[in-house]
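So you can see what is in the structure, the chains are spelled out below.
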Amino acid sequence: MKVLITGGAGYIGSHIVKVLGEKKYEILVIDNLSKGHKEAVIYGDLVVIDLKNKTALEDIFKRFKPDAVMHFAASIEVGESVKKPLKYYQNNTANTLNLLETMLEYGVNKFIFSSTAAVYGTPVKVPIPEDHPINPINPYGQSKSFIEKVLQDLDRSSGLKYISLRYFNAAGADPEGRIGESHDPETHLIPLILKTAKGERESIKIFGTDYPTPDGTCIRDYIHVDDLADAHLLALEYLLNGGESEVFNCGYGHGYSVREVINTAKKVTDIDFKVEEADRRPGDPPVLVADSTKLKQKLNWIPQFDDLEYIIQTAWNWELNKKF
Ligand SMILES: NC(=O)c1ccc[n+]([C@@H]2O[C@H](COP(=O)([O-])OP(=O)(O)OC[C@H]3O[C@@H](n4cnc5c(N)ncnc54)[C@H](O)[C@@H]3O)[C@@H](O)[C@H]2O)c1
Ligand SMILES: O=c1ccn([C@@H]2O[C@H](COP(=O)(O)OP(=O)(O)O[C@H]3O[C@H](CO)[C@H](O)[C@H](O)[C@H]3O)[C@@H](O)[C@H]2O)c(=O)[nH]1
């Protein structure tokens, strides 16, 4: 089976490339390398193109003839999306329309989409089930929720079968240390903490200590990137076996506060780095925790790495021995 993977040189996509490569899928990655790394693509081929280039996309579909498409390529910084909304509507919405249009032109009708917990906005119910109201509070979440709507329409109009995976907080790295998170700029909590432990940053700032949570800091559901990769494999197999379109949350169903993550990182690294309390970061909901019952029941997803210490340990090993 042939799978086209957009954004496969990025953090999450490269871990899915690894899992599919180990299962002997034929893989073609397309990535513009604006944020990704060619060394991260450890299986299959990489073609450097931008999704806005429709002619180049058509050429890929003509030559590779994929059975399914997995779409990771996007701009991912919530804060930047508030300052530059058009960048997000262009890259995450318009460029995805380009991809979907090309798929339909070439008769490819199986699609796996990287959606996000950010589509829910500030939750009215936690853990968050998939039928929770969709009410994004930033352009990043909005740019993804538009595509979820489009996918519903394309299922009806053209028989497109899709799985939209709403990730909570992806974290950790390949346990064998081949690939891991390497963003520039880095905005995610765990790599920033580890860079502080390593001495690359002076301190880690806690964004907000007055949230309505037990210790006043935000709670997130951190999912190991390999468990997330496994959810993609199950979603792909489900579609290839003729499954209907579905939306699934990807998370463990319980969360950790920023302070808990920092304390666990101190234990794992055995380094007592500097922590500062700072103002809230605009657009952060107090608690984001997935109800992932549906993923477990319908796709038989069995998480292997639901352990914050292990997640941070794999990220720490990566941070100390980064290959890119
Ligand atoms: N990291 C998380 O916790 C998280 C949470 C929810 C959803 N997501 C979604 O998961 C996906 C992957 O996220 P990530 O953390 O791996 O990000 P990433 O930045 O590491 O990977 C994205 C990749 O897409 C490529 N890309 C971006 N725009 C492109 C374009 N126009 N044409 C071709 N390639 C392009 C980048 O070069 C990069 O390699 C994104 O769609 C993101 O919105 C991530
Ligand atoms: O230096 C930092 C960085 C982050 N945080 C806090 O740590 C928590 C996690 O922040 P991240 O930036 O690591 O992750 P987010 O929850 O903001 O966002 C992630 O998950 C979202 C969905 O849950 C989106 O999909 C988004 O793309 C993805 O980066 C937040 O409360 C944030 O305020 C700090 O206190 N200090």
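Keep in mind that this is a model prediction, so the values were computed, not measured. Every chain is numbered independently, its residues counted from 1 as its sequence is written. The naming scheme follows written order: chains are lettered A onward, ligands numbered 1 onward. With pLDDT at 70 or above as the cut-off, local features in this predicted model cover only qualifying residues; side-chain atom pairs require 80 or more to be listed or tallied, and sums for whole chains, interfaces and linings still use all residues. Hydrogen atoms and water are omitted, and side-chain values are computed over all heavy atoms in the structure.

Draft legend 1. How the structure looks around the sheet that holds strand 1 (residues 2-6). Paired strands are those between which DSSP finds at least two bridges. To qualify as a helix, a DSSP run of H or I must reach at least 4 residues; to qualify as a strand, a run of E must reach at least 2; elements of each kind are numbered from the N terminus. Spatially, 3-2-1-4-5-6-11 is the arrangement adopted by the seven strands of the open sheet, whose pairing is parallel. What marks the edges here is a single partner per strand, and that holds for strand 3 (45-48) and strand 11 (246-250). Across the sheet, the axes of successive neighbouring strands diverge by a mean angle of 20 degrees, strand direction being ignored. Sheet topology note: the strand 1/strand 4 (residues 68-71) ladder contains four bridges and is parallel. Bridge assignment links Leu4 to a residue of strand 4, and that residue is Val69. In what follows, residue pairs with any heavy atoms lying within 4.5 Å of each other are defined as contacts. Think of each axis as a best-fit line through the C-alpha atoms, taken over the contacting stretch in the case of a helix, with angles from 0 to 180 degrees between the N-to-C directions. Against the sheet, helix 2 (residues 54-64) contacts strand 1, strand 2 (26-31), strand 3 and strand 4, and its axis sits at roughly 170 degrees relative to strand 2.

Draft legend 2. Representation of the domain arrangement of the protein chain within the structure. Domain delimitation in this document rests on an assignment produced automatically or drawn from a domain database. Split by domain assignment, the protein chain resolves into domain 1 (2-171 + 223-250) and domain 2 (189-220 + 253-320). A C-alpha centroid distance of 24 Å is found between domain 1 and domain 2. Across the contact, 28 residues belong to domain 1 and 25 residues belong to domain 2. For domain 1, the biggest contributors to the area lost against domain 2 are His224, Asp227 and Phe248; these three give 25% of the whole. In the sections that follow, a salt bridge refers to a side-chain nitrogen of Lys or Arg positioned within 4 Å of a carboxyl oxygen of Asp or Glu. On inspection of domain 1 and its partner domain 2, the count reaches two salt bridges. Buried area: the accessible area, evaluated with a 1.4 Å probe, that two parts lose upon being put together, summed over both parts.

Draft legend 3. Spotlight on the site of ligand 1. We call a residue near a molecule or strand as soon as one heavy atom of that residue lies within 4 Å of the molecule or strand. Not every one of the 30 residues close to ligand 1 is listed here, only the nearest: Ile12, Asp31, Tyr140, Lys144 and His183. A distance of 3.0 Å separates an oxygen atom of ligand 1 from a polar atom in the backbone of Lys35. We call two N or O atoms a polar contact when they sit within 3.5 Å, provided that within protein one can donate a hydrogen and the other can accept it, with sequence-adjacent residues counted only if both atoms are side-chain atoms. Gly36 has a polar backbone atom sitting 3.1 Å from an oxygen atom of ligand 1. Alone, ligand 1 offers 820 Å² of accessible surface; in the complex the protein occludes 96% of this. Of all the elements in the fold, those that place two or more residues in the shell around ligand 1 are helix 1 (11-22), helix 4 (85-105), strand 5 (110-116) and helix 5 (139-158). Tallying contributions element by element places strand 5 first for the shell around ligand 1, with three residues. Partitioned by chemical class, the residues of the shell around ligand 1 number 14 nonpolar, twelve polar and four charged. The Shrake-Rupley method, run with a 1.4 Å probe, gives the accessible areas here. Residue values count only the displayed protein chains as cover. Amino acid classes used here: Ala, Val, Leu, Ile, Met, Phe, Trp, Tyr, Cys and Pro are nonpolar; Asp, Glu, Lys and Arg are charged; the rest, including Gly, are polar.

Draft legend 4. Local environment of the packing of helix 2 against helix 4. Taken N-terminus to C-terminus, the directions of helix 2 and helix 4 make an angle of 40 degrees; their axes are 10 Å apart at the nearest point. With respect to their mutual orientation, helix 2 and helix 4 come out oblique. Two packed elements cross with a definite hand, and for helix 2 against helix 4 that hand is right-handed. Where helix 2 approaches helix 4, its residues Lys54, Leu57, Glu58 and Phe61 are matched on the opposing element by Asn98, Leu99, Glu101, Thr102, Met103 and Glu105. Taken together, the residues of the contact of helix 2 with helix 4 break down into four nonpolar, two polar and four charged. To sort the angles, those under 35 degrees are grouped as roughly parallel, those over 145 as roughly antiparallel, those from 65 to 115 as roughly perpendicular, and the leftovers as oblique. Crossing chirality is assigned from the near helix's rotation relative to the far helix, an anticlockwise turn below a right angle marking it left-handed and a clockwise turn marking it right-handed.

Draft legend 5. Quick look at helix 2. Under the scheme applied here, a residue whose accessible area is under 20% of the maximum for its type counts as buried, over 50% as exposed, and between as partly exposed, the area being computed with a 1.4 Å probe on protein chains only. Buried within helix 2 are the following residues: Lys54, Ala56, Leu57, Ile60, Phe61 and Phe64. Looking straight down helix 2, one finds that the buried residues subtend no more than 160 degrees of arc, so they occupy a single side. Helix 2 presents Thr55 and Arg63 as exposed residues on the side facing more than 90 degrees away from its buried surface. Elements that come into contact with the buried residues of helix 2 comprise strand 1, strand 2, strand 3, strand 4 and helix 4. Think of it as the arc spanned by the lines of direction from the helix axis to the C-beta atoms.

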